[in-house]
Amino acid sequence: GPGPGDAGAQPHGLGPGIGPGSGEALAALAAFGKLLLSLAPVYVAGRLGLSLGFVLLGLALYAGWRAARRAKERSLRAARRLLQDEERHVSAAAAGLCLSARELPAWVSFPDVEKAEWLNKILAQAWPFFGQYMEKLLVENIAPMIRASNTHLQTFAFTKVDMGEKPLRVMGVNVHTGQNKKQILLDLTISYVGDVHIDVEVKKFFCKAGVKGMQLHGVLRVILEPLIGDMPIVGALTMFFIRRPTLDINWTGMTNLLDIPGLSSLSDSMIMDSIAAFLVLPNRLLVPLVPNLHDVAQLRSPLPRGIVRVHLREARDLQSKDKYVKGLIEGKSDPYALVRVGTQVFTSQVIDESLNPAWNETYEFVVHEVPGQELEVEVFDKDPDQDDFLGSASGWFPLQDSGRGQLHLRLEWLTLLSDASKLEQVLQRNRGISSKPEAPSAAILVVYLDRAQELPVSIGALKKPGKEPNPMVQLSVQDVTRESRVVYNTSSPVWDDAFRFFLQDPANQDIDIQVKDDTRQTSLGSLSVRLSRLLSAEDLTLDQWFQLENSGPGSRIYMKLVMRILFLDAPEVCNTPQPCAPGQLDGETSTFAGSSVDMPPRPSRASPDAQFGTEVHVIRIHLLEAENLIAKDNFMGGMIRGKSDPYAKVRLGGQSFRSHVVKEELSPRWNEVYEVVVNEIPGQEVEFEIYDKDIDKDDFLGRCKIALKRVLSSRFIDEWLPLEDVKSGRLHVRLECLAPTPNSAELEQVLMVNSLTQTQRSAELSSALLSVFLDRAADLPLRKGSKPPCPYVSLSVRNVSYKSKTATSTSEPIWDEGFSFLVKRPHVESLELQVKDEGGQGLGSLSLPLTQLLAAETLTLDRWFPLSRAGPGSQVLLRVQLGILVSQHSGAEPRSAPSAGEEAESPPGGSEPELYVGEDGEPGAAGPAQELRQRLTHVDSNSELVEGPLGQLQLTVWYHMDERKLVVIVHSCRKLRASSKDIPDPYVSLILLPDKNRVTKRKTTVRKRTLNPEFNERFEWELPPEEATRRRLEACVKNSVSFMSREKEPLGKVHLDLSQMDLAQVKAQW
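A quick note: this is a predicted structure, and the numbers were derived from the prediction, not measured.

Definitions and cut-offs
Residues numbered from 1 in each chain as written. Predicted model: local features only at pLDDT ≥ 70, side-chain atom pairs only at ≥ 80, totals over all residues. Heavy atoms only, no water. Helix = DSSP H or I, 4+ residues; strand = E, 2+ residues; numbered from the N terminus. Buried < 20%, exposed > 50% of the residue type's maximum accessible area, 1.4 Å probe, protein only. Contact = heavy atoms within 4.5 Å. Pairing = 2+ DSSP bridges. Axes fitted to C-alpha atoms, helices over the stretch in contact; angles between N-to-C directions. Core = buried A, V, L, I, M, F, W, Y, C linked by side-chain atoms within 4.5 Å. UniProt positions renumbered as here; feature names shortened; annotations may be inferred. Phe/Tyr/Trp six-rings, centres within 6.5 Å; stacked < 30°, edge-to-face > 60°. Lys NZ or Arg CZ within 6 Å of the ring centre and 35° of its normal. Arc of directions from axis to C-beta. Polar contact = N/O pair within 3.5 Å; in protein donor to acceptor, adjacent residues only side chain to side chain. Salt bridge = Lys/Arg side-chain N within 4 Å of Asp/Glu carboxyl O. Lys, Arg positive; Asp, Glu negative; His and termini not counted. pLDDT = per-residue confidence, 0-100.

Peer 1: How do you make sense of the overall build of the protein chain when you look at a structure like this?
Peer 2: Along the backbone of the protein chain there are 13 helices and 51 strands. Here the protein chain holds 1070 residues, and 46% of them are scored as buried. Nonlocal contacts in the protein chain, meaning residues at least 24 apart in sequence, comprise 64% of its contacts between residues at least 6 apart.

Peer 1: Would you take a moment to explain the environment of Leu 285 for this structure?
Peer 2: Following the sequence through the fold, Leu 285 ends up in strand 7 (residues 285–288). A sequence separation of 14 residues divides Leu 285 from Leu 299, and the C-alpha atoms of the two residues are 9.9 Å apart.

Peer 1: I keep staring at the sheet that holds strand 19 (residues 480–483) and nothing clicks. Help me out?
Peer 2: Strand pairing in a sheet is mediated by backbone hydrogen bonds. Such pairs are either parallel or antiparallel. Within the open sheet, the four strands sit side by side as 19-18-21-22. Their pairing is antiparallel. Two strands close off the open sheet at either side, each with one partner strand: strand 19 and strand 22 (523–530). Along the sheet, successive strands turn relative to each other by an average axial angle of 15°, direction set aside. Inspection of the sheet shows strand 18 (residues 471–477) paired to strand 19 by four bridges, in the antiparallel sense. Across the sheet, the residue bridging to Ser 476 is Thr 481, located in strand 19.

Peer 1: Help me out: how do you make sense of the nonpolar core in this one?
Peer 2: Buried together is how nonpolar side chains tend to be arranged in soluble globular proteins. Judged by nonpolar contacts, the single largest core of 38 residues is most densely connected at Leu 445, Ile 511, Ile 557, Met 559 and Leu 561. Where this core is concerned, the elements lending two or more residues are helix 8 (423–431), strand 17 (443–453), strand 18, strand 20 (494–503), strand 21 (510–517), strand 22, strand 23 (541–547) and strand 24 (556–567). A per-element tally of this core places strand 24 first, with six residues. With near-sequence residues (within four places) excluded, Ile 511 lies in contact with Leu 445, Val 447, Leu 475, Ser 476, Val 477, Phe 501, Leu 527, Ser 528, Val 529 and Leu 531. Leu 751, Leu 833, Leu 878 and Ile 884 belong to the second largest nonpolar core, which has 37 residues in total.

Peer 1: Could you clarify how one ought to interpret the UniProt feature "transmembrane region" (unreviewed entry) in the protein chain in this entry?
Peer 2: As recorded in UniProt, the sites labelled "transmembrane region" (unreviewed entry) are residues 44–65 and 222–242. The annotated region residues 222–242 carries 0% helix and 43% strand content, and the separation between its end C-alpha atoms amounts to 10 Å.

Peer 1: Please explain the pairing of strand 11 (residues 335–341) as it appears in this structure.
Peer 2: In regular strands, side chains alternate between the two faces of the sheet. By the criterion of burial, strand 11 is predominantly enclosed, with seven of the seven residues buried. Here strand 11 shows no split at all, with Pro 335, Ala 337, Val 339 and Val 341 on one side and Tyr 336, Leu 338 and Arg 340 on the other all buried. Across six bridges, the pairing between strand 11 and strand 14 (residues 376–381) is antiparallel. Among the inter-strand pairings, Arg 340 is bridged to a residue of strand 14, identified as Glu 376. Both strand 11 and strand 12 (residues 344–347) contribute to a ladder of four bridges, which runs antiparallel. In the sheet register, Val 339 faces strand 12, and the bridge partner there is Phe 346. If you look at the hairpin formed by strand 11 and strand 12, you'll find two residues sitting between the two strands, and Gly 342 has a positive phi there, around 65°.

Peer 1: Looking at this structure, I do not really get the packing of aromatic side chains. What am I missing?
Peer 2: Aromatic rings in a pair are described by how distant their centres are and how their planes are angled relative to each other. Scanning all chains against the criterion turns up 12 aromatic pairs. Measuring from centroid to centroid gives 5.0 Å for Trp 127 and Phe 130, while their planes differ by 35°, and the two rings are tilted. One end of the pair is Trp 127 and the other is Phe 130, both in helix 5 (residues 117–149) and three residues apart, which spans about a single turn. A relative accessible area of 34% places Phe 130 in the partly exposed class. Following the ring pairs from residue to residue traces out a cluster consisting of Trp 127, Phe 130 and Tyr 192. Across from the ring centre of Trp 545, 4.0 Å away, lies the NZ or CZ of Arg 556, which sits over that ring. Between Lys 803 and the ring centre of Tyr 792, over which it is positioned, the NZ or CZ distance is 4.1 Å.

Peer 1: In this structure, what is going on with the sheet that holds strand 29 (residues 685–692)? I would like to understand it.
Peer 2: One open sheet accounts for four strands, arranged 27-26-29-30; its pairing is antiparallel. Each edge of the sheet is formed by a strand with only one pairing partner; in this case those strands are strand 27 (655–658) and strand 30 (699–707). Neighbour to neighbour, the strand axes of the sheet diverge by 15° on average, direction disregarded. The sheet contact formed by strand 26 (residues 646–652) and strand 29 spans six bridges and is antiparallel. The partner of Pro 646 across the bridge, within strand 29, is Asp 692.

Peer 1: Honestly, helix 11 (residues 747–757) in this entry has me stumped. Any pointers?
Peer 2: Residues that lie three or four places apart on an α-helix share one face, since the helix turns once every 3.6 residues. A large share of helix 11 lies buried, amounting to nine of its 11 residues. Residues of helix 11 that are buried include every one of Leu 747, Val 750, Leu 751, Met 752, Val 753, Asn 754, Ser 755, Leu 756 and Thr 757, and no others.

Peer 1: It is not clear to me how helix 8 should be interpreted in this structure. Could you clarify?
Peer 2: Among all positions in helix 8, only Leu 423, Val 426, Leu 427 and Asn 430 are buried. Along the axis of helix 8, the buried positions cluster into a sector of 100°, meaning they face one direction only.

Peer 1: When you look at the side chain of Asp 517 in this model, what are you seeing that I'm missing?
Peer 2: Take Asp 517: it is sitting in strand 21. Residue classification places Asp 517 among the buried positions, given a relative accessible area of 0%. Polar contacts involving the side chain of Asp 517 include one to the main-chain amide nitrogen of Asn 470, which spans 2.9 Å.

Peer 1: Teacher, can you tell me more about unusual backbone geometry here?
Peer 2: With glycine set apart, most residues show a phi of negative sign, and most peptide bonds adopt trans. At the junction of Glu 225 and Pro 226, the peptide bond is cis and its omega measures out at 0° in the coordinates. The phi dihedral of Asn 628 falls on the positive side, at around 60°, and the residue is not glycine. With respect to the helices and strands, the residue Asn 628 is situated in the loop between strand 25 (616–627) and strand 26. Positive phi outside glycine occurs at Asp 816, with the angle close to 55°.

Peer 1: Is there a simple way to think about the pattern of salt bridges in this case?
Peer 2: Side chains bearing opposite charge may pair, as long as their charged atoms lie close to each other. Enumeration over the complete set of coordinates arrives at 37 salt bridges. Arg 429 is the salt-bridge partner of Glu 412, the closest N and O atoms lying 3.3 Å from each other. Taken together, the positions of Glu 412 in strand 16 (residues 406–417) and Arg 429 in helix 8 put the pair 17 residues apart, joining distant regions of the chain. Of the charged contacts, one joins Arg 451 and Asp 450 as a salt bridge, the two residues approaching to 2.6 Å between their closest N and O atoms.

Peer 1: Explanation requested: the pairing of strand 34 (residues 768–778) in the structure shown.
Peer 2: Across the 11 residues that make up strand 34, a large majority, 10, are buried. One ladder, built from eight bridges, connects strand 34 with strand 37 (residues 814–823); its direction is antiparallel. Within the sheet, the bridge partner assigned to Leu 769 lies in strand 37 and is Leu 822. Of the strand pairs in this sheet, strand 34 and strand 41 (residues 875–885) are connected by 10 bridges, and their pairing is antiparallel. Note on strand 41: the bridge partner recorded for Leu 774 is Leu 878.

Peer 1: How do you make sense of the side chain of Asp 694 when you look at a structure like this?
Peer 2: With respect to the helices and strands, Asp 694 occurs in the loop between strand 29 and strand 30. Put simply, Asp 694 is tucked away with no salt bridge, and the nearest opposite charge, on Lys 697, sits 6.6 Å away. Those residues in contact with Asp 694 that sit more than four places away from it in its chain are Asp 633 and Asp 699.

Peer 1: Is there a simple way to think about the environment of Gly 683 in this case?
Peer 2: Along the chain, Gly 683 falls in the loop between strand 28 (669–679) and strand 29. With 25 residues separating them along the chain, Gly 683 and Leu 708 place their C-alpha atoms 7.6 Å apart.

Peer 1: Where do I start with the confidence of the model for the protein chain in this structure?
Peer 2: Interpretation of the predicted coordinates at a detailed level should be avoided for regions scoring low in pLDDT. Model confidence for the protein chain is summarised by a mean pLDDT of 76, while 74% of its residues fall at 70 or above. Per-residue pLDDT, averaged within each element of the protein chain, yields its smallest value for strand 43 (residues 932–935) (31) and its largest for strand 35 (residues 791–797) (93). Overall, residues 1–18 carries pLDDT values under 50, and its contacts beyond four positions in sequence, including any with other chains, amount to five contacts. Taken as a whole, residues 892–948 scores under 50 in pLDDT and shows 87 contacts with residues more than four places along the chain or in a different chain.

Peer 1: What is the right way to read the environment of Pro 1024 from this model?
Peer 2: Mapped onto the fold, Pro 1024 is located in the loop between strand 48 (1014–1022) and helix 13 (1025–1028). It is 9.9 Å that separates the C-alpha atoms of Pro 1024 and Glu 963, two residues lying 61 residues apart in sequence. The contact partners of Pro 1024, leaving out residues within four places of it in the chain, are Tyr 959 and Arg 964.

Okay, structure coming up:
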């Protein structure tokens, strides 16, 4: 039995004075404490007077968090079981006992994927040492950086770093052969289901958090390139994920909150975005294996394999997600599509309340890797809270994961060409494509930004004098801007970055480069390169140093610019028809012949928006002159200052114009006019840039801008604008907003004013704006095989054309699109309309002379128009509206004639000058032909005139004091007399007497076979005013004949003594 000394013995494992009963009491006390802690939120809510809803919300969040945690733990356990005994699970799956095909290793589902157990054994052996490396990296490198980043994190520390015992596994390896003999391409299907445990702590705030377990699954592509003839044979390793990998993290500590539903997907998505920005295409991790590796930037960002153009047409039979009265009433959906290739994502417009949405949108994706990348399309229902998933499609498949719905896509593969021989063919095809939201691209530009040298030392307000800058580069093509990374504390940075830009018109676009200090307040230099230089370069490539402007004398930047033309190497791409419902023809919609049963009645008028015809404006830009520009043409190292050869570039509304070059002038005068049709889209600006024309590279002379909103509100601006980014210089411009007016009575005056204000170097000014609303068509002819067409419409006025969207498989298409055209001469122009099938077959055409609009009330036609070269009942519904563009600030208003009853004043001298038109050409001579006498200055042009047998010539003669020029406008002739049986081809020849030489001789263009030609051409002579009054003007109307003909006689001649005319008055006279 126990001795007396054993009476006080303690049970094993318990401390002194603590028996089994005491341990149970402590456990009960701990459980009671947890219960009180869980009830604490209820007590606090009652104490603060909060409603029961807050308590229920907390309970719901807790329940969701617990469910998410348990789901993650189950997923981790299942993945670990699979990795621990892969063979047993694969055998069980083959027998149909457990895992689905999606959960199996890649080598099971894909015969070209090989097992890599030898590699997994290497990883398992090396994993503990990898854990040691990660612990050292996090504790010694990452933690100090985090503590230095913020004063609140000065007590941050990693309290535990354990990479666990479960290594990364390679589930399969696929080696791609035959792609490129200079590289080895591997696809590794990786799976990491780790028992990683990392804890962090911020002692200052008593905050602990961490990660305990995570999963990462994806396909990692490894490229061994370039292969070299020296050891180690491979020059570099390039690694990236082709698609975004899947990630699942099990949080601990304070980060437990991230497992709450909603926050869980958000946190994982943010982390995944960080990984994607580093390791998902087009981003790559490059590991050089040899020193001084060339073309590092091209290895990190190689030229794309091609471009895929995705036409997102429509969907049908989508699920209805909007339900009412707890699902008793089924509504519709508000679908939109998410189109993705790698990290490139586009979102379509939302179609309200439709289960059969039609988007008709086009997107262009850069394809970096073939094989590997995929096109993914997901369709969602737009909701105020969370968008409902309606399904997804990859390529041409029906929507998956939704049970119903089909998607109609058209895909085009664009090859990259290294020569510009087919650029015009590409541009011509693109003009016929109606693309939204962006115009189709004709080329792609890849910029390899290498390094810069001798950048100026920053002396900005935030920098100490003489301190090295932190340079970064901004690259812009039109409205697309990219930024490089920042290189700190150096005037000779090395970036090794690459950037890509889509180009719509390479011949007329520039790339602008700005080198800036990272403070964004100091410019270190700039550069503008016209992309037309690449079109004439070998292999469409420029690989050279570029001198920086507005920088140091030796500041330069090294870049490689590579352009590739996007060519569709087939007249017709594969266009898979829509899947059809049972019992229906392939992609067809049944039509009703000879019956309107169940068909809606056709409208008699078009239905445009109420603002149709008034929502657009015409901006007339008058580029006048500049002064005090910088002299860029210096000689002998700058010892002799020269001048510049300036020209201007004007941009507005996606259109750009370029003036002529004025040689050796620091105060050039251009006097050019441009016209642009614009919409009231916020943020638009009229941009002006001045350059000095040089043989190699054009020098920048300054820029300035005017907000379009200001032009639209003030209607007219005439200002000197100071040039920005240069030391001196200013630009004189006039801008006028012209509002279309539906009044044909204004047209003659507008044509007259335009001829007076038109400058010698500008195109003919527009007199009207034509607005066309294309509503629909009816009874279009069917294709061969009685299939309905996929019609679109091409509209053109003169040399300007537009293309509508393409309707899908119908002979009753509805387009609902508007177009605008600038019209020079409405009397002689017409609207040409062609309806075509998608394959190019003509379905009908219409030619509408604009004279019909001039005769219509309010200059508008709104009705059905029959189509020619079409079916018997084919017609199109249009609203066509003409608006006259009346300028209120032309500066050359025609003088009105005196009204009836007014006494016309006599010219100085008391007698009225007379005009003789004779065949012999001598003033005042009366030949065998009758003479025509017409009073010059004060005759109403609308009154009945006394005419002779030779006809009449209408001229405007005046002296422009501002430009110090004599201006003559030849308007027209009427009732000319033919000197033979053939109708003549007249033109007018002008000469200033007494000098009968080529210097003063001018002539109009020839008008074919007419006795009433219209010219409306302007001619100028630079003369001082006193010299002009001493001249006589001879205008001879002649017949243009071949040199073989003997018919040399003029049709008539006019002599004007300029000393007897008031050259200050501007008036057209017969």
